[in-house]
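Chain by chain, the residues:
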Amino acid sequence: MRIILLGPPGSGKGTQAQLLVQRYGIVQLSTGEMLRAAVAAGTPVGLKAKEIMAGGGLVPDDVVVGIISDRIDQPDARNGFILDGFPRTVGQAEALDELLKHKHLKLDAVIELRVNESALLSRVETRVAQMRERGEEVRVDDTPEVLTKRLASYRSQTEPLIHYYSERRKLSTIDGMMAIDEVTRAIHRQLLALGAVEPKTHARSAAKAAPAKKAKAAKKKAAKKPAKAAKRPSKSTKTAKKAAKQAVKGAKKAVKKTVKKAAKKTAKTAVKKASKKGPKKVTKKRAKR
Ligand code: AMP
């Protein structure tokens, strides 16, 4: 799966990208992170980007396109990726289209996180306070003055991408003002609707998955008899429900049985061990006396 997260600074792109990484096992490609790493390492790209980033401007297109192109070629990106903070200009979007075409890769979706701009400043302030609390280094561009500049550059240079991807029928807009997990769920629903992810990517424990599978199979079986179902719809529905319930019950019983069996076995072994060890020790101690 290959997706783009679009949204102004502070809209939660980074947070959502990390959650999506955990859920789908794909990588997050954040140009901001890569540039910050380059600045910290003092590479030629870092030296070029340092001042621009500190002032809230945009690093030249060719620099970020080059970074992304190299990163997409890495083996860990083969399974899919989330682009966070890239593209940021129409030029970058066109370059991305070209390089994906060249690499025979398809973009699945562009998710726009729409937020209330007045809330962004307080969000960034909260983020900075939390980072300080954790003793983490705060970004030099996370100040109200630089944020204002970053927002201005988002509006003038990045917002046109909404039109760009909407024209290409790639854009999905999600309310980024909802709670974090609600936004994640909304993104997941959208990806499901687009067919970008399999329904089975729902986080579910193995124990719960088994009965659900059986219930599904039972429902499917019941649904396979359309003639009967048409004649006696209520009975057929009842049968399906009953079968599903029984399947769930059966699976639950099986799990209980296995757990009971395992507990019994452990207890038996413990008793055996105790009865073997117990008298021996006592005998030895008694013998010593
Ligand atoms: P971010 O972490 O995405 O907020 O990015 C931090 C800074 O890195 C931005 O304010 C820009 O200066 C620079 N940057 C990140 N991604 C890009 C990009 N795609 N194009 C140009 N500059 C970028």
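Bear in mind the structure is a predicted one, so any value in this text is a computation, not a measurement.

As for the site of the ligand
Then, number 1: Around the ligand, 16 residues are found, and the nearest of them are Thr-31, Gly-57, Gly-85, Arg-88 and Gln-92.
Then, number 2: In isolation the ligand exposes 480 Å². Once the protein is present, 95% of that is buried.
Then, number 3: The pocket occupied by the ligand, as judged from atoms lying within 2 Å of grid points, is the largest pocket.
Then, number 4: The dominant element in the shell around the ligand, judged by the number of residues it contributes, is helix α2 (residues 31–41), at four residues.

Structural notes on the packing of aromatic side chains
Then, number 1: Counted under the stated rule, the structure contains one aromatic pair.
Then, number 2: Pairing Tyr-164 with Tyr-165 gives two aromatic rings, centres 5.0 Å apart and planes at 85 degrees, and the pair type is edge-to-face.
Then, number 3: Taking relative accessible area as the criterion, Tyr-164 reaches 7% and is therefore assigned buried.
Then, number 4: Geometry around Tyr-164 places Arg-168 over its ring, the cationic atom sitting 3.6 Å from the centre.

Quick notes on the side chain of Thr-184
Then, number 1: Relative to the elements of secondary structure, Thr-184 occurs in helix α9 (residues 180–193).
Then, number 2: Classification of Thr-184 as buried rests on a relative accessible area of 10%.
Then, number 3: There is a polar contact of 2.8 Å between the side chain of Thr-184 and the side chain of Gln-16.
Then, number 4: When residues no more than four places from it in sequence are discounted, the contact partners of Thr-184 are Gln-16, Leu-19 and Arg-23.

Structural notes on the layout of surface pockets
Then, number 1: The calculated volume of the largest pocket comes to roughly 1,200 Å³.
Then, number 2: Mapped by element, the contributors of at least two residues to the lining of the largest pocket are α1 (13–24), β2 (27–30), α2, α6 (117–133), α7 (144–158) and α9.
Then, number 3: Of the residues in the lining of the largest pocket, the class split is 16 nonpolar, 20 polar and 13 charged.

Brief notes about the packing of α1 against α9
Then, number 1: Where α1 contacts α9, the two axes come as close as 10 Å, and the packing angle between them is 55 degrees. Between α1 and α9, the crossing angle belongs to the class labelled oblique. Our pair here, α1 against α9, has a crossing hand that is right-handed. Facing Thr-15, Gln-16, Leu-19, Leu-20, Arg-23 and Tyr-24 of α1, the residues of α9 in contact are Ile-180, Val-183, Thr-184, Ile-187, His-188 and Leu-191.
Then, number 2: The residue inventory of the contact of α1 with α9, partitioned by class, reads seven nonpolar, four polar and one charged.

As for the sheet that holds β2
Then, number 1: Within the open sheet, the five strands sit side by side as β2-β3-β1-β4-β5. Their pairing is parallel. Across the chains shown, the open sheet's two edge strands, defined by having one partner strand only, are β2 and β5 (171–175). Averaged over neighbouring strand pairs, the angle between their axes works out to 25 degrees when direction is ignored.
Then, number 2: Pairing between strand β1 (residues 2–6) and strand β4 (residues 109–114): four bridges, direction parallel. Within the sheet, the bridge partner assigned to Leu-5 lies in β4 and is Ile-111.
Then, number 3: Set on the sheet, α2 makes contact with β2 and β3 (81–84); between it and β2 the angle comes to about 65 degrees.

Quick word on empty space enclosed by the protein
Then, number 1: Inspection of every chain in the model, using the stated rule, returns one cavity of 30 Å³ or more.
Then, number 2: If you add up the space inside the largest cavity, you get close to 60 Å³.
Then, number 3: Residue lining of the largest cavity: Leu-5, Leu-6, Gly-7, Pro-9, Lys-13, Gly-85, Pro-87, Arg-88, Tyr-154 and Thr-158, and that is the complete set.
Then, number 4: At the level of secondary structure, the elements contributing two or more residues to the lining of the largest cavity comprise β1 and α7.

Section: the pairing of β4
Then, number 1: In terms of residue burial, β4 counts as a mostly covered element, since five of its six residues are buried.
Then, number 2: For β4 and β5, the ladder comprises five bridges, and the chain directions are parallel. Residue pairing in the sheet places Leu-113 in a bridge with Ile-174 of β5.

Conventions we followed
Sequence order sets the numbering: in each chain, residues are counted from 1 along the sequence as written. pLDDT decides what is reported in this predicted model: residues at 70 or higher carry local features, side-chain atom pairs at 80 or more are listed and counted, and totals for whole chains, interfaces and linings draw on all residues regardless. Only hydrogens and water are removed before side-chain values are computed, so all heavy atoms of the structure are retained for them. We call a residue near a given molecule or strand whenever any one of its heavy atoms falls within 4 Å of it. Residue-level accessible areas treat just the shown protein chains as cover; the underlying method is Shrake-Rupley with a 1.4 Å probe. Using protein atoms alone on a 1 Å grid, points that fit a 1.4 Å probe yet trap it form a cavity, whereas open point sets bounded by protein on both sides within 12 Å along at least five of seven lines form a pocket; residues with an atom within 4 Å of a point count as lining. Molecule-in-pocket calls rest on the fraction of atoms, with more than half required to lie within 2 Å of the cavity or pocket grid points. The secondary structure listing takes helices from DSSP runs of H or I that are at least 4 residues long and strands from runs of E that are at least 2 residues long, numbered from the N terminus. Here a Phe, Tyr or Trp ring, Trp counted by its six-membered ring, pairs with any other such ring whose centre lies within 6.5 Å, and the pair is stacked when the planes are under 30 degrees apart, edge-to-face when over 60, and tilted otherwise. Classification of residues uses two cut-offs on accessible area relative to the type maximum, computed with a 1.4 Å probe and protein chains only: under 20% is buried, over 50% is exposed, and between them is partly exposed. In this scheme, Lys NZ or Arg CZ marks a charge over a ring once it lies within 6 Å of the ring centre and within 35 degrees of the ring normal. Counting of polar contacts relies on pairs of N or O atoms within 3.5 Å, with two restrictions inside protein: one atom must be capable of donating a hydrogen and the other of accepting it, and residues adjacent in sequence are counted only when both atoms are side-chain atoms. Pairs of residues are marked as contacts when any of their non-hydrogen atoms sit within 4.5 Å. Grid points are joined across faces, edges and corners, and a volume is the space filled by probe spheres set on the points. Here the term charged refers only to Asp, Glu, Lys and Arg, the term nonpolar to Ala, Val, Leu, Ile, Met, Phe, Trp, Tyr, Cys and Pro, and the term polar to all other amino acids, Gly among them. Helix axes are fitted to C-alpha atoms over the stretch in contact, other axes to C-alpha atoms as well, and angles between N-to-C directions run from 0 to 180 degrees. Each angle receives one of four descriptions, namely roughly parallel if under 35 degrees, roughly antiparallel if over 145, roughly perpendicular if within 65 to 115, and oblique otherwise. It is the rotation of the near helix from the far one that decides the hand of a crossing: anticlockwise by less than a right angle makes it left-handed, clockwise makes it right-handed. By this definition, two strands are paired if DSSP reports at least two bridges between them.

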